[in-house]
Structures are given as C-alpha cells and as structure tokens.
Amino acid sequence: MLTINNLAVSFQTRRGEITAVKNLSLTLDKGEVLGIVGESGSGKSVTSYAILRVLDKGGKISAGDIHYSGIDLCEISEREIRDIRGREISMIFQNPRAALNPIRQVGKQLEDVLRRHAQASAQDAKEKAIEALKSVKIRDAESRYHAYPFELSGGMCQRVVIAMALACNPQLLIADEPTTGLDITTQKTVMDLIRDLIRARNMSSILITHDLGLASQYCDRIMVMKDGEIVEEGIPSKLFTKPSHPYTRKLVNATPRPDDSVRCLLADEIKSPEPQYAVTEEVLLDVKNLSKTFKGKNGDVHAVKDISFQILKGQSLGLVGESGSGKSTTAEMLVRLIDPSSGEIQFEGENLSTIPSKVFATHLRRRDIQMVFQDATDSLNPRHTAQDTISEPLRRLAKMRGKTLIIRVKELARLVGLPEHLLHRFPHQLSGGQKARVGIARAIALNPKLLILDEPTAALDVSIQAIVLNLLADLREKLGMSYLFVSHDLHVVKLLCDKVIVMRNGGIVEAGDCEDIMSAPRHEYTKELLAAAPAPPKRKDVTELA
Amino acid sequence: MTAISDNAAPTDTGIDNPSSHRDGPFSHIAYVLRENPVTLLAFLLFLFIVGCALFGPYLVPYDPLKTSAAHALQPPSADHWFGTDSVGRDVFSRVVVATRLDLSISIAAVGLSFVIGSILGGIAGYWGGWIDSVLNRLLDTIMAFPLFVLAMGIVAAMGNTIENIIYATAIINIPFYARLVRAEVNIRRDAGFVRAAKLAGNTDLRVLIMHIFPNTLPPMMVQISLNMGWAILNAAGLSFIGLGVRPPTPEWGIMVAEGANFIVSGEWWLAVFPGLWLMIAVFTFNLLGDGLRDIFDPRKRT
C-alpha cells in the first residue's frame, strides 16, 4: 500500500546541507501497524513529514520516491497532495494542544476537516462532527462539540485530534508520538483507542515513538532508526529476543523492564557491580500532616492533603503519581520553594516548615536540601555557561571563589561524567544528556543530605535515561545522599528506590517497599498504574527464549 | 564511574554539532554582520553617525556659527556642499556638528528610560500583586496622553533647557520599557532556572537582577534601537516647534524649522539636508534593532 524507496531528506542550514534521512526504504501492507522507533534526531519524524510533504522550511526530498496506492507522492502537485492529506493519509501530531486551534470550538474544527474533503455539507456537518467525536469515545459529545481546546484535558484533546484524523476515513494513519506528555493511564486508553479504531476500519498505520516498550505492544512490525537510517527491522518479539544490530541491542537494554535492576539498563561492556547503599536507621526527613491549599478562582484547590512520611538517612523514596496528584507540589514544599499551608517538615529534628521560603534561600539548611529539575533545558539559565551554572551554589552558599571554586567545579564535572571542555558551553550547545549532567552537578555541588529528583529523566531518550539513572545510583552510593525520586513511572522508580509512595488527588493511596508494591499492589489505583505501563517482555523470559 | 564515561554525543537535533567550534564575542558579531547585509549596512551607518558625533566638530570645513552676509543663501556647490543659510552659515558644517547634540540628547533620554523602565517593569513583573496593578495603571495614564503633546507640556512647564528635553523624552518612553521588561520577567518568573537559582542561595532581588533581567536583554535591544530613532525625532520635533534647543545652536529640528520658511522661495537646501540627515539617523537605528538582538542573544552563538 505504501512503498518508500531509498528516501533521502536534507535540510538547508547555517552549516550547509544536512541529511536527516538517508537511504530509507519501507513497505507497508494493508491493515498493518508499523512502528518506527528511534531516539531524538534519528529522523523518524522527518520521515513521516516527508510522506505527507509537510517538511519544515529548508527541507527537501533529495532522493528516492514514495508510492502510495500507485501514486508517486513526490511527483504530484501541491494541490493534489492536499487532497490526499486528511482523506487518504492523515496524521496525529505530538502535542495535541498545539495541533488544535486554541480559539475555535473543537466541533467547528472537525467540521472544517469534513467540509474541506467534501465529506459533509453545511447541513449535516455538525451531526457528522458529533458522530466523529462519539467514535473516539468522547462522552457527552454534543456538549463537548462546543468546547474550546483549553477546556479539555490532554487526553481529551488527543481524542479530538484522533477524531479529526479519522474523520474522512483515511486509509493510512501516521501517529507521531501520540502519547508523549500524557499520563500513563491516559496513554493506555488513547493507544487502545487508536488500535481498536484502526482495526475496526482495517486501516494501515505508522506509529512513531521513542518508546520501544510501547511499540512492541501495539505494532506488528518495528523498524529501528538511527541517524536517519534504518538499522534493524523485525517483529517485536524478535527484536527483544535477538536484536542483531548493536544499536538495537543498546536500545532494548536501556528500556526498563519489570524485573530490572538499574545496572541491567547498561550494555554488558560498561556494566559495573550493583551499587551497595548504606541505609541507616536514623530519620533524616519526617513529614507530618503536610497540606497545601491554593486559592483558585472557583474556591480553594487542595493540592496536597495531609500527607505524612519519613525518609531515613541514605534511603531513597519514590513518589509516584500522575499529573495533578500533588507530587510536584509536595516536592516544591520539601525543597522549600513554596510554603506549606499546614503541617511540619522535620529535617534532622529541626522544623523547617516555619521558616518562610523567602528567608530559606540564605538559610544554613539551604545546602542540605537540593533538587534536580524535570526539564534540564528549562532549569539552566540560557546566558550562563555550564561552569557558571555549577559554580552558582558554591559561590552563593559556600562563598567559594577563584581557584578553589574552579577545582571544585572540575571535580563535580568529573563526578557526573561531563567532559571538562564542555564547561564553557552554553546550554543550547549541549545535548539533553549533558544538560542533565550539568543540572545534577549543580544539585550535588554542596553535598546535600537530601536530593529531590523531579522526573529527572522525563525529557531524555531511553539510552541517556539509562546512563543518568546509573549515574544517580553511583552518586547515591558514593556520597550517601538520600533521594526523593518524583516520577510518574513506577518501573523507573523501582530502579532507584527502596520505598515508594503512590499519590493521587493530593493524598497518599499506598506506601511501602518498592518490591512489595510492584509485585502485590493493594490499592486499585496502584494496580491500574501498573497495568497501564507498557510492558516489554521480562528480561528473564527473554533470556530463556533465546 | 566507567559506566558513565561514554558520554552521549550531542544527538538532540542531529543538525548542529556544538563540538565543532566555539565563538568568541567578536567572531559572533562578525558572523551576525556577515549573515545579514541589512544589519551590516545599519552598522556602517551607525559607525558613520557616531563618527560624526565624535569627530565632526574637528573635521568640518567651516565654523558652524560663523555668519557671512556675503555668502547668504548660496545653493549647494563645491565650496558649500549643502549650500548656505540666510546668514551665510555653512549648512553642511552645521548638520554634521548637530549630530553630537542630537545623539547625546537621545542616548541620555533612552538610557534614562531604559534604567527607570527596567526597574519598574522588573519589580512589577517579578512580585506582581498590587505593585503591578498600581504601576500598570500609572503607565496606562502616561500612555493615554498623546506622547509628543505630553513632552511639549513637560518642557514648556519645566523650562526650555536641554536637560528638560531629555527628561521629557525619557518620561514618554518609560512605559514601553516597563511593559516589555514586565512581560519578559513575568514569563520567566517560574522558569526552572529561576527556581534553581533560589536553591543556590540567591535572594529574590538577586534572582531578579542576576538571573532574570539579563535574559530580557535581547528583546530590549530591539526596543532600545527603535526608541533611539523616536528619541531623535522627538528631540528634533521639540526644537522644531521652538522648545528646547535655541538658535543659533546647530540642531536638526531648528534647521528644518528655519529652512522651511525658504522652501517657498526656492532655497530648498536649507530644510532638505538637515531633514535627510535626520531621516538617515532614524532609519539607521530602526535597522539596527534586529542585529543588536542577535548579538546579545547567546543562543545565536552556535
């Protein structure tokens, strides 16, 4: 149905021409779901844009051809391809909110698509739009028709986008990271929905994702891309059992599985012994009845409701929850960026919650509680070099200057594995993994006793996530810090943490040992979370099969 | 730690590879100029204008104040490139010498409004709340006046001096800076790097001054540059209607005003040349904005 031969896509940039995709060939049969898996910069999205000829400015198809049902998509005119887009081939974009017009009702946007492809007339457009909304299982479709994108949740927006993509009964659906940024339970419902719809309509589909686990669950066949080329192709089970290309092997390895320890994610050549943590009986942090209430337009919002827990010295505690569960608010209170509404934060016996966050910036305890932020790019000042960033806490809180400062910065860079020559770079000149290292180096600069990790790997590729998680494990072993690891992903939390707390709607639903909760969750919500996580085959099983 | 040492190469975009080279500030400026010929032109004109302001008075062929009845109202010639005025002064010399005065007035005015506007906007944008509301209403009030009329009023009320032109021009420009800084500070108030700076022991004031404010500079550069153009026009405009600089001091606005009387009788050069010079100056600053922004933005330094 779709055949691509030796496709090459190049971009005109400041440094001359750059090839984003080269020598790419693929075929897609009717009714087949093909997964294209790769990390950022692998050219997987560019490939999908090339199929629809919606490449960014400066990009062009420099070689090869794309045939769709006998039509050469590279040859036909702009006018003809417009007819194909949406009606024959349609696409679901990465960020559903950005794909919808923010100031137009979603129903009207659906009508636009239907009428553009003459699937509806002015009279029955509304009816058909509502029907399309119903088909993606939006409850109460008649009233949602009038909703604006900002009134809908992320998962709802993605459903609307899917409804738009499927409105004209296309034969081929390209989904470009359709669930990035969605909660894990929402991800499951959205992916199940897409799968059911394409099965029911006997459509073909290309799923583009960075998540090998997700692809293995929903695709018939997977192609792995690296640096613009396909390195391996096969059915999911084979990729997991017998990855032939080294890159696939690395990727498969780095994907966290249910029965993994943190070292399993690394390739065999660089695997170091399992870290041995020294957990004491001494209580480092004792949180008692902590609450936070925000004043909202429609009354008070109870972001965190009366939670209590402890962290021992040297222990690592996971805080798991979906967006809106209050986990980030909890983290911000503990790191003393915001003041709690009530409750106590006892740190080594000292009550810190009574010190206003404004004053805490220069407080003696400031150096003991530090944080690694979620988005490494956002957390680095764009005007500061890596060295400036890492020196900041040393200058402000330890009053280090001159040579001692530089020596310490270099030592930290070595500790987090950041090459020294990168210290003079600005954030935009560093890769995602390097930025994460800078953020970690800054956080550990003053040897804090408690390090709060707010989804430190959420924005990273899996292979870099594997390295960063291992780095964090090494640092914990070496420096004896306690971690509070905030994440939405139980499988990742398990790699680093001894204990875990599951939060929902501001309260704790379950708490206990990581192993226990993963193997025998008691609360319904925890079970739901565990079930929703894409489950690549267990490492043990794979080894047995192989 | 060997596990970590195989550092990931920059794969983020696949497009730029930062390891290839590192620019110093000068090569970056050179790059910006090379990349955009309009910016290059603007910079050349800018250098020319600054050159006139600095060295003009020493280089001009005639004393700009020296009258000579014998040479009154001569059209442009090899001796007098821009002709002479009604009392025989050389228009070219006067135009060039006036550059220093006009430029000083506008730089001082823009500098003043930049500083005051940044402080007000920074406070309003960072702390928000009632300070923000009060400040915004105040700025709205200033903006509600026709700005040039307001400037006229200020100079008329405070007295006809060069300092007062500067103050008036500064006051009418403050709202633009304050609003821009307020918006730029506001969007960065909760950014990750700001929170990280607080964790590093920075007080709110330090966070604002050392971390947030420098990040507002690139868009500010565009504002400053456009504002320079307006400020020059404003100063010339005030002089044109007889406020501010007094004759016989050479100043573009006065020269255009004086020359206007002679256009009807055919002596066009008296008004046209100072007017053209003024136009070029304003044009230069308008063009300069984008280039300055690119130079001040470290992200353009790849």
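Residues numbered from 1 in each chain as written. Chains lettered and ligands numbered in written order. Predicted model: local features only at pLDDT ≥ 70, side-chain atom pairs only at ≥ 80, totals over all residues. Heavy atoms only, no water.

Visitor: What is the right way to look at helix H20 (residues 524-532) of chain A in this model?
Guide: For the α-helix, the turn length of 3.6 residues means that residues three or four positions removed from each other point alike. All names here are of chain A. Along H20, the residues that are buried comprise Tyr525, Thr526, Leu529, Leu530 and Ala532. End-on, the buried residues of H20 take up no more than an arc of 165 degrees, which puts them together on one face. Where H20 is buried, its residues meet helix H8 (184-200), strand E13 (316-320), helix H18 (490-496), strand E19 (499-504), strand E20 (507-513) and helix H19 (514-519). (Buried < 20%, exposed > 50% of the residue type's maximum accessible area, 1.4 Å probe, protein only. Helix = DSSP H or I, 4+ residues; strand = E, 2+ residues; numbered from the N terminus. Arc of directions from axis to C-beta. Contact = heavy atoms within 4.5 Å.)

Visitor: What exactly am I supposed to notice about the domain arrangement of chain A here?
Guide: Think of interface size as the accessible area that goes away when the parts come together; that is how it is often given. All names here are of chain A. Taken domain by domain, chain A comprises domain 1 (2-253) and domain 2 (283-545). Centre-to-centre separation of domain 1 and domain 2, based on C-alpha positions: 34 Å. Approximately 1,600 Å² of surface area, both sides summed, lies buried where domain 1 meets domain 2, with 58% of it carried by carbon and sulfur atoms. Applying the counting criterion to the domain 1 and domain 2 interface returns zero salt bridges. The interface formed by domain 1 and domain 2 includes five residue pairs in polar contact (both at pLDDT 80 or more). (Domains from an automatic or database assignment. Buried area = accessible area lost by both parts, 1.4 Å probe. Salt bridge = Lys/Arg side-chain N within 4 Å of Asp/Glu carboxyl O. Polar contact = N/O pair within 3.5 Å; in protein donor to acceptor, adjacent residues only side chain to side chain.)

Visitor: Is there a simple way to explain a nonpolar patch on the surface in this structure?
Guide: All names here are of chain B. A surface patch of nonpolar side chains, about 1,000 Å² in accessible area, is lined by Leu112, Val115, Ile116, Ile119, Ile123, Trp127, Met158, Tyr167, Ile171, Leu205, Ile209 and Met210. Elements supplying a minimum of two residues to the nonpolar patch: helix H4 (91-127), helix H7 (162-188) and helix H9 (204-212). For Val115, the position within the fold is in helix H4. Among the residues examined, Val115 registers a relative accessible area of 45% and is labelled partly exposed. (Patch = residues over 30% accessible without salt bridge, like charges linked within 9 Å, V, L, I, M, F, W, Y side chains within 5 Å. Areas by Shrake-Rupley, 256 points an atom, 1.4 Å probe, with all protein chains shown as cover.)

Visitor: Teacher, can you tell me more about the pairing of strand E9 (residues 221-226) of chain A here?
Guide: For a regular strand, side chains alternate in direction, first toward one face of the sheet and then toward the other. Residue and element names in this part refer to chain A. In terms of burial, E9 is largely enclosed, as five of its six residues are buried. Examined bridge by bridge, strand E3 (residues 33-37) and E9 share four bridges and lie parallel to one another. By the bridge assignment for E9, Val37 is matched with Val224. Alignment of E9 against strand E10 (residues 229-234), held across five bridges, turns out to be antiparallel. Bridging from a neighbouring strand, Lys226 pairs with Glu229 of E10. Counted along the chain from E9 to the antiparallel partner E10, the turn is two residues long, and its residue Asp227 has a positive phi close to 50 degrees. (Pairing = 2+ DSSP bridges.)

Visitor: For this particular structure, what's the right way to read unusual backbone geometry?
Guide: Excluding glycine, most residues fall at negative phi; most peptide bonds, likewise, are trans. Residue and element names in this part refer to chain A. For Asn23, which is not glycine, the phi dihedral falls at a positive 55 degrees. On the secondary structure map, Asn23 appears in strand E2 (residues 16-28). For Asn23, a relative accessible area of 51% corresponds to the exposed category. The backbone phi angle of Glu348 is positive, close to 50 degrees, even though this residue is not glycine. Mapped onto the secondary structure, Glu348 falls in the loop between strand E14 (342-347) and strand E15 (350-351). Look at Glu348 and you get partly exposed, because its relative accessible area is 26%.

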